[in-house]
Amino acid sequence: PLAPSMHVSRPFSSTFILGRPPDVIDTGSQIIGHWTHIYSLNHCLPSFTDISLDVDADRDGKIEKNNPNKASWSWGPDGHGAILLVNCDRDNLSASKPDNEDLAVNSFNDLKDMSRIILRTEGPESLTSGYKLHLSISASDNDKVNVFYHKHSESLFVSLSVSLRNVEKSKSLHIIGSSDYDFYVEALKFPDAGINPFVTINLNLLEPMTIGEAPIFTDRIVFRIAPWIMTPNTQAPLEVFVSAGNEDFLREFQAFVQKARCKLTICPQHVNRGDRWIQDEIEFGYTEAPYKYLPVVLDSPRNRGLQDFPYQQILGIDFGHVTQNTSDVSSLDSFGNLEVSPPVTVNGKDYPFGRIIIGNAFPTTYGGRKMTKVVREFLHAQKVQSPIELYSDWLAVGHVDEFLSFVPAPDRKGFRLLLTCPDACLRLFTKLQQEGHGELKMFEGVSPNTIKINEILEDKKIVEDNAFVQECVNWNRDILKRELGLDEEDIIDIPGLFFMKSGHAKAYFPDMVNMIVLDKYLGIPKPFGPLINKKCPLESAVRSLLEPLGLHCYFIDDFSSYHLMLGEVHCGSNVRRKPFPLKWWNLKK
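Residues take numbers from 1 onward in each chain, read along the sequence in its written order. Where local features are concerned, this predicted model is filtered to residues with pLDDT of at least 70; where side-chain atom pairs are given and counted, the filter is 80 or more; whole-chain, interface and lining totals use all residues. To obtain the side-chain values, all non-hydrogen atoms of the structure were used and water was disregarded.

In the nomenclature of an unreviewed UniProt entry, the chain corresponds to protein-arginine deiminase from the organism Callorhinchus milii. UniProt positions are given in the numbering used here, feature names are shortened, and annotations may be inferred rather than shown by experiment. Within the UniProt record for the chain, the comment given under Subcellular location (unreviewed entry) is "Cytoplasm". Recorded in UniProt for the chain, the comment headed Catalytic activity (unreviewed entry) runs: "L-arginyl-[protein] + H2O = L-citrullyl-[protein] + NH4(+)".

Engineer: Would you mind showing me how to read the overall build of the chain here?
Structural biologist: Numbering of helices and strands starts at the N terminus; helices are DSSP runs of H or I of at least 4 residues and strands are runs of E of at least 2. Within the chain, the secondary structure is distributed over eleven helices and 34 strands. Long-range contacts, defined as pairs at least 24 residues apart, comprise 75% of the intrachain contacts of the chain with a sequence gap of at least 6. The accessible surface values rely on the Shrake-Rupley method and a 1.4 Å probe; as for residues, cover is taken only from the protein chains in view. Total accessible area on the chain is roughly 24300 Å²; 50% of this is exposed by carbon and sulfur atoms. The contact criterion used is simple: two residues touch if any of their non-hydrogen atoms lie within 4.5 Å.

Engineer: Just to check I follow, could you spell out the sheet that holds strand E32 (residues 521-525) for this structure?
Structural biologist: Any two strands with at least two DSSP bridges between them are considered paired. Strand order in the open sheet formed by three strands is E31-E32-E33, with mixed pairing between adjacent strands. Across the chains shown, the open sheet's two edge strands, defined by having one partner strand only, are strand E31 (516-518) and strand E33 (552-556). Averaged over all pairs of adjacent strands, the angle between their axes in this sheet comes to 20 degrees, without regard to strand direction. Here E31 pairs with E32 via three bridges, running antiparallel. Working convention: axes come from line fits to C-alpha atoms, limited for helices to the stretch in contact. Angles between N-to-C directions cover 0 to 180 degrees.

Engineer: Got a minute to help me understand the pairing of strand E14 (residues 237-243) in this structure?
Structural biologist: Every regular strand shows the same layout, with side chains that alternate between the two sheet faces. Taken across its seven residues, E14 has six buried, putting it largely inside the fold. Sheet topology note: the E14/strand E34 (residues 573-577) ladder contains five bridges and is antiparallel. Looking across to E34, one finds that Val 240 is bridged to Val 575. Taken together, the five bridges between E14 and strand E15 (residues 263-267) define a ladder with parallel strand orientation. Bridge assignment links Ser 243 to a residue of E15, and that residue is Cys 267. At this point the chain moves from E14, through helix H3 (residues 247-259), to the parallel E15, and the crossover so formed is right-handed. Partly exposed describes any residue whose relative accessible area lies between the buried limit of under 20% and the exposed limit of over 50%, with all areas from a 1.4 Å probe on protein chains only and scaled to the type maximum. Looking down the strands as they point away from the viewer, one classifies a crossover as right-handed if the path from the first strand across the helix to the second runs clockwise.

Engineer: Even after reading the chapter, I still don't get the sheet that holds strand E28 (residues 491-495), so can you show me in this structure?
Structural biologist: Either a parallel or an antiparallel arrangement is found when strands of a sheet pair, and the pairing is made through backbone hydrogen bonds. Taken in spatial order, the three strands line up as E24-E25-E28 in an open sheet, and their pairing is mixed. If you trace the sheet from one side to the other, it starts and ends with strand E24 (404-408) and E28, each paired once. Here the strands of the sheet are splayed against their neighbours by 35 degrees on average, with no regard to which way each runs. Taken together, the five bridges between E24 and strand E25 (residues 415-421) define a ladder with antiparallel strand orientation. Residue Val 407 lies in a different strand from E25, and its bridge partner there is Arg 416. Along the sheet face, helix H10 (residues 460-484) touches E24, E25 and E28 and points at about 165 degrees away from the line of E25.

Engineer: When you look at the packing of aromatic side chains in this model, what are you seeing that I'm missing?
Structural biologist: A ring pair, where both rings are aromatic, is described by two values, the distance of the centres and the angle of the planes. Note on ring pairs: Phe, Tyr and Trp rings are taken, using the six-membered ring of Trp, and paired if centres are within 6.5 Å. Classes follow the plane angle, with under 30 degrees stacked, over 60 edge-to-face and the rest tilted. Using the criterion set out here, one finds 27 aromatic pairs in the structure. With a centroid separation of 6.2 Å and an interplanar angle of 85 degrees, the aromatic rings of Phe 190 and Phe 378 are classed as edge-to-face. With a gap of 188 residues between them, Phe 190 in the loop between strand E10 (179-187) and strand E11 (198-209) and Phe 378 in helix H7 (residues 373-381) connect regions that are remote in the sequence. With relative accessibility at 1%, the residue Phe 378 sits in the buried group. With a centroid separation of 6.1 Å and 35 degrees between ring planes, the pair formed by Phe 443 and Tyr 508 is classed as tilted. Pair noted here: Phe 443 is in the loop between strand E26 (441-442) and strand E27 (451-452) and Tyr 508 is in the loop between strand E30 (504-507) and E31, with a separation of 65 residues, a long-range link.

Engineer: In this structure, what is going on with H7? I would like to understand it.
Structural biologist: What sets the pattern is the α-helix's 3.6 residues per turn: residues three or four places apart point alike. Every buried residue of H7 is listed here: Val 375, Phe 378, Leu 379 and Ala 381. In an axial view of H7, the angular spread of the buried residues amounts to 165 degrees, which keeps them on one side of the axis. Just past H7, the residue Lys 383 takes up positive phi, approximately 75 degrees. This arc describes the spread of directions from the helix axis toward the C-beta atoms.

Engineer: Which parts of the structure should I look at to understand the packing of helix H8 (residues 422-434) against H10?
Structural biologist: Helix packing geometry: the angle between the two helix axes and the distance between the axes. One can describe the packing of H8 onto H10 by two numbers: an axis separation of 8 Å at closest approach and a directional angle of 140 degrees. In terms of orientation, H8 and H10 fall into the oblique class. Residue-level inspection shows Pro 422, Asp 423 and Leu 426 of H8 in contact with H10, the latter providing Asn 466, Val 469 and Gln 470. Under this grouping Gly is polar, as are all residues other than the nonpolar Ala, Val, Leu, Ile, Met, Phe, Trp, Tyr, Cys and Pro and the charged Asp, Glu, Lys and Arg. In terms of residue class, the contact of H8 with H10 is built from three nonpolar, two polar and one charged. Angles are sorted into four bins: roughly parallel if under 35 degrees, roughly antiparallel if over 145, roughly perpendicular if 65 to 115, and oblique for all others.

Engineer: Before we go on, may I ask you to explain the pattern of salt bridges in this structure?
Structural biologist: Note on pairing: side chains with opposite charge can pair once their charged atoms come close. Should a side-chain nitrogen of Lys or Arg be within 4 Å of a carboxyl oxygen of Asp or Glu, the pair is scored as a salt bridge. One pass over the full model with this rule turns up 33 salt bridges. A salt bridge links Lys 431 to Glu 435; the nearest nitrogen and oxygen atoms lie 2.6 Å apart. You can call Lys 431 partly exposed: its relative accessible area is 45%. One salt bridge connects Glu 547 with Arg 543, and the closest N-O pair in it is separated by 3.0 Å. Residue Glu 547 is classed as partly exposed on the basis of its relative accessible area, which comes to 34%. Where salt bridges share partners, they join Asp 54, Lys 70, Arg 120, Asp 180 and Asp 219 into one cluster.

Engineer: Honestly, the environment of Asn 454 in this entry has me stumped. Any pointers?
Structural biologist: Within the secondary structure layout, Asn 454 lies in helix H9 (residues 453-458). By relative accessible area, Asn 454 is classed as buried at 15%. With 16 residues separating them along the chain, Asn 454 and Gly 438 place their C-alpha atoms 4.8 Å apart.

Engineer: Quick question: what am I supposed to make of the nonpolar core here?
Structural biologist: In a soluble, globular protein the nonpolar side chains are often hidden away together inside. In these notes, a set of buried Ala, Val, Leu, Ile, Met, Phe, Trp, Tyr and Cys residues joined through side-chain atoms within 4.5 Å is what counts as a nonpolar core. In this structure, Ile 117, Ile 201, Phe 223, Leu 338 and Leu 379 are the most contacted members of the largest nonpolar core, which totals 43 residues. Two domains share this core, each providing at least three of its residues, namely domain 1 (50-225) and domain 2 (229-583). By size, the runner-up hydrophobic cluster in this structure holds 38 residues, among which are Phe 443, Ile 456, Ile 532 and Phe 555. The source of the domain bounds is an automatic or database domain assignment.

Engineer: Would you mind going over H3 with me for this structure?
Structural biologist: Each helix should span, by expectation, one fewer than its residue count multiplied by 1.5 Å. Counted at 1.5 Å a residue, the expected span for H3 with its 13 residues is 18 Å, and the 18 Å between its end C-alpha atoms agrees. The inward-facing, buried residues of H3 contact E14, E15, E31, E32, E33 and E34. Arg 261 lies just past H3 and shows a positive phi near 60 degrees.

Engineer: Sorry if this is basic, but what is going on with the packing of H8 against helix H11 (residues 537-546) here?
Structural biologist: Close contact between H8 and H11 brings their axes to 11 Å; oriented N to C, the two are set at 120 degrees. Considering the angle they form, H8 stands oblique to H11. The element H8 and its partner H11 pack so that their crossing is right-handed. Contact residues: H8 offers Cys 425, Leu 428, Phe 429 and Leu 432, while H11 offers Pro 537, Leu 538 and Ala 541. Of the residues that constitute the contact of H8 with H11, the class distribution is seven nonpolar, no polar and no charged. Crossing handedness follows the turn of the near helix against the far one: under a right angle anticlockwise gives a left-handed crossing, and clockwise gives a right-handed one.

Engineer: Looking at this structure, how should I read the environment of Asp 558?
Structural biologist: Summarising the element assignment, Asp 558 is placed in the loop between E33 and E34. Here Asp 558 falls in the buried class, since its relative accessible area comes to 0%. C-alpha of Asp 558 to C-alpha of Ile 524: the two residues are 34 residues apart in sequence and 9.3 Å apart in space.

Quick look at the structure:
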């Protein structure tokens, strides 16, 4: 077997270009450009009875011979066309780069991340001089893939070992007789702006002519590079992440995760370097082909204390990593500002993987903060989770998770959208005042700056600030109803209160909508409202809204550890979830 430490050159990088024939238009893959020779295979083919370049075109995990649909690609359960993974994990743990950035195959695990191609030949043992079989790839695709040649003898093939050899710039492979020749292909980049997701590999039999060579046979296959896919709160949790360094919070948080029976990974302080905002640094997702499922972490360009955590601690065997590097970042480039809805149907159009949600500046605002262009373009290019852009620049931090969340539900669309609601909070406080509880105080036991319910309701600035916040939430509410196909019955208003400072809103008490969702278990920021018979009416209000859905509410004290630093439980945690059962290539387009 190939030893994990064995390195073999990747012969199909741009280093090995041999020449460019005239322009060719490849209508099957929707790519127009030069075909670039990778290397040539000497052959006597006028006497050959059959040649085919084959791949898993019907996406069943098997490579059929001469599938009639191998040279095109279509969506849907009745669709066709091969799929290619971005090989962005690191199967050699001692390597300094992920596998799509090195030029080596390090182990069988690495090989399993690639799509197999079979070149099948049937014919004589003798060769005719001058005939060549060229395996070629479009020049526009050359930096999107690497291809490996699998040279095997009968004994090696039977034992499932591989011998991958260097192919020099002018090296030819000697192919004779009737046999199968294996190639392995990996994608190097996810779909993105300027990166067409389709890759075409072409096979040409060339006949020697007096003034050159003429093709007398061609065959071709088309791949589509698999997208990166996010997972919503309604997908079952697999692993929870949190930063070390705030032990009081961790004790409560760990007890909550244990109730939900989830694995907990704590990022140590020497790795997080004082950065507790683990939601902002990363977003978990995955990529998938018929031959492999690969979890992939999307790394934010925020690059603060946790910047090395995803690359050094998460990237590894069968766990990929992707990032969009840019120096032009703002708070809105942190991934508390990146969420995804559960599956929805909107005006008859299905979004079975949900829709990505990001926050930006108000459409008419000049100079407002926006998520950086390279991240937005990457998210749009994945195609399967058509993004929605909301207005979040009104918040001091500016993240969509400060005013919305999704929780599972047993009825209607299978979930509820939670929105923070100042009006609901002020109505609750007014009711408490009318019941004679106006002199009760908030924040007792956690802050010297306690305040009475009467004082909140009599403070004109608080009332005016929250009227503005409510309008901002309502603007987003209308967008979400339209873009997710929601009715009012699909939305639950969670009491919340804000105050304005320097033109931006901050949570007045811990923002309960900023929760972590682990199946039916909700880890909610403890609001520290007034106590009536030892019960907080804010907590009671949330329980009455969510527990009828079969959800379990656990209120976690994050007041000093996160709230006073302008974040909450969701901002300080992260969750890796199960992939969707639906395969993305079966999506109806």
